[in-house]
Amino acid sequence: MKRKTKRPARVVSKFVLILMILNLTLPFYGGATTSALETLGHHYLNGYIYRPQNTPEPTRQPEAHPAPPPSPSPSPTPSPSPSPKPSPTPELTPTPEPGSTPEPGIEPSDSPGAITDPSQEDDPNQGGLPAVTGMDLQKLLDAAYRNDDRKVAYLTFDDGPAPHITNAILDILREENVKATFFSIGNLAEVFPDEIRRQYEEGHGIGNHTYTHKFRQIYADPQNFVDELIKTEGVYKSILGEDKTFRLIRFPGGSFGDKLEPFREAVNEAGFAYIDWNCVNGDAETLDYQSPQKLLSRVKETTGSKSGLIVLMHDAPGKETTVEALPSIIEYLRSKGYEFELLPGSR
Ligand SMILES: [Zn+2]
């Protein structure tokens, strides 16, 4: 009889122990069965085991918001010191109120800084060109206008991609075994990534011609201009590889004039460098039809005796005669002793 009366007590105590163990372990497995166990063991366990963990949690959440600014110092001492933390939070909370000023103060300083900082960080961080700054590349590009011992022609095509035109040009360049540099517009590159990919895979140069090519937008402010360059480089990276850098750019309309001086400086400071042109086929000089013969004649007129020839053409919609004139332009420049090369920084 004694055994019978003692047994239920032992069974109950064992059952409670099992419930306690289950309640500790089951939450990690997350099951519907825990709900029933919680009613029995949760409060009990809270009182002994979970309290130290539960109390800091509510304090952490309010701290988490002010924590990010002073994150280095408070983050190492989160759980051991629940009391010292409440003190920093009251200190931080009063400041936010008048400190609505510090927050906006931080934001404006961050936002202009963030725009310039990432670009500046990009220069050293982008391991592809660790030692090459925007100014370094600018010097190389400035030197492309002159070659001491030989004649070099740099064929360039702006404002693409336009698949029909761009691919026809790529076909000719492949046939002629000539490399060129394409200054594409970022938002078009997004729409026609296959053409950008083909340009790169067939050994041509990738140039940046802003994201929108809208003059009012890009020339409203140097930072707008740089932002579009960064955005377009991001498009190229998404197409060609995040490890690549594309720092060669061309100003829509050219980089000429005193008004663009702050833009040129901003471009170089952001790690980019620009090239203009000193020879044209004239395919953007008028909206009227221009025969292939006319385009060739414009190249002849503007070639002169230059040892470094940067030839401006366009692979934009409607430039069929640019395609038609290209073989004769290549033939003419070859006859004048020019070798065809990629512009520095285009790959
Ligand atoms: Zn353009």
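Residues numbered from 1 in each chain as written. Predicted model: local features only at pLDDT ≥ 70, side-chain atom pairs only at ≥ 80, totals over all residues.

**Remarks on the pairing of strand E1 (residues 151-158)**
- Buried residues dominate E1, accounting for 6 of its 8 residues.
- Looking at chain direction, E1 and strand E7 (residues 308-314) are connected through 7 bridges and run parallel. Residue pairing in the sheet places Asp158 in a bridge with His314 of E7.
- Viewed along the sheet, the connection from E1 through helix H7 (residues 163-176) into strand E2 (residues 180-184) turns out right-handed. (Buried ≥ 20, exposed ≤ 12 C-beta atoms within 10 Å, placed from the backbone. Helix = DSSP H or I, 4+ residues; strand = E, 2+ residues; numbered from the N terminus. Pairing = 2+ DSSP bridges. Right-handed = clockwise from strand over helix to strand, strands pointing away.)

**As for the environment of Glu175**
- Of note, Glu175 is situated in helix H7.
- Residue classification places Glu175 among the exposed residues on the basis of 10 C-beta atoms within 10 Å.
- Spatially, the C-alpha atom of Glu175 lies 9.5 Å from that of Pro327, the residues being 152 residues apart in sequence.

**A closer look at the confidence of the model for the protein**
- Confidence in the prediction of the protein, expressed as mean pLDDT, is 75, and 62% of residues score 70 or more.
- Confidence drops under pLDDT 50 across residues 1-5; counting only partners more than four residues distant or on other chains, this segment forms 0 contacts.
- Between residues 15-129, whose pLDDT stays under 50, and residues either more than four places distant or in other chains, the model counts 53 contacts. (pLDDT = per-residue confidence, 0-100. Contact = placed C-beta atoms within 7 Å.)

**Quick word on the packing of helix H6 (residues 134-143) against helix H12 (residues 261-269)**
- The interhelical angle for the contact between H6 and H12, taken along N-to-C directions, is 115°, at an axis separation of 7 Å. Comparing their axes, H12 and H6 come out roughly perpendicular. Here H6 contributes Gly134, Met135 and Gln138 to the contact with H12, which in turn contributes Val267, Asn268 and Glu269.
- Residues that form the contact of H6 with H12 fall into these classes: 2 nonpolar, 3 polar and 1 charged. (Axes fitted to C-alpha atoms, helices over the stretch in contact; angles between N-to-C directions. Parallel < 35°, antiparallel > 145°, perpendicular 65-115°, else oblique. Nonpolar A, V, L, I, M, F, W, Y, C, P; charged D, E, K, R; others polar.)

**Focus: unusual backbone geometry**
- The residue after Gly160, namely Pro161, is reached through a cis peptide bond having omega -5°.
- For Pro161, the position within the fold is in the loop between E1 and H7.
- Phi angles above zero are rare outside glycine, and Asp159 is one such case at about 75°.
- By the secondary structure assignment, Asp159 is in the loop between E1 and H7.
- Owing to 22 C-beta atoms within 10 Å, Asp159 belongs among the buried residues under this scheme.
- Residue Thr210 is not a glycine yet carries a positive backbone phi of 70°.

**Observations concerning the pairing of E2**
- Of all 5 residues that make up E2, 5 are buried, and the element is covered over most of its length.
- Both E1 and E2 contribute to a ladder of 4 bridges, which runs parallel. Note on E2: the bridge partner recorded for Leu155 is Ala180.
- Looking at chain direction, E2 and strand E3 (residues 205-208) are connected through 4 bridges and run parallel. Directly across from Phe183, in E3, lies its bridge partner Gly207.

**Overview of the environment of Phe157**
- Looking at the secondary structure, you find Phe157 in strand E1.
- Through-space distance from the C-alpha of Phe157 to that of Leu312 is 6.3 Å; in sequence the pair is 155 residues apart.
- With residues up to four places along the chain from it excluded, the contact list for Phe157 reads Ile169, Ala180, Phe182, Met313, His314 and Asp315.

**Side note on the packing of helix H11 (residues 222-240) against H12**
- Between H11 and H12, whose axes approach to 9 Å, the crossing angle comes to 40°. One way to sum up the angle between H11 and H12 is to call them oblique. Crossing of H11 over H12 shows right-handed handedness. In contact with Pro222, Gln223, Phe225 and Val226 of H11, H12 contributes Pro262, Phe263, Ala266 and Val267.
- Residues that form the contact of H11 with H12 fall into these classes: 7 nonpolar, 1 polar and no charged. (Left-handed = near helix turned anticlockwise from the far one by under 90°.)

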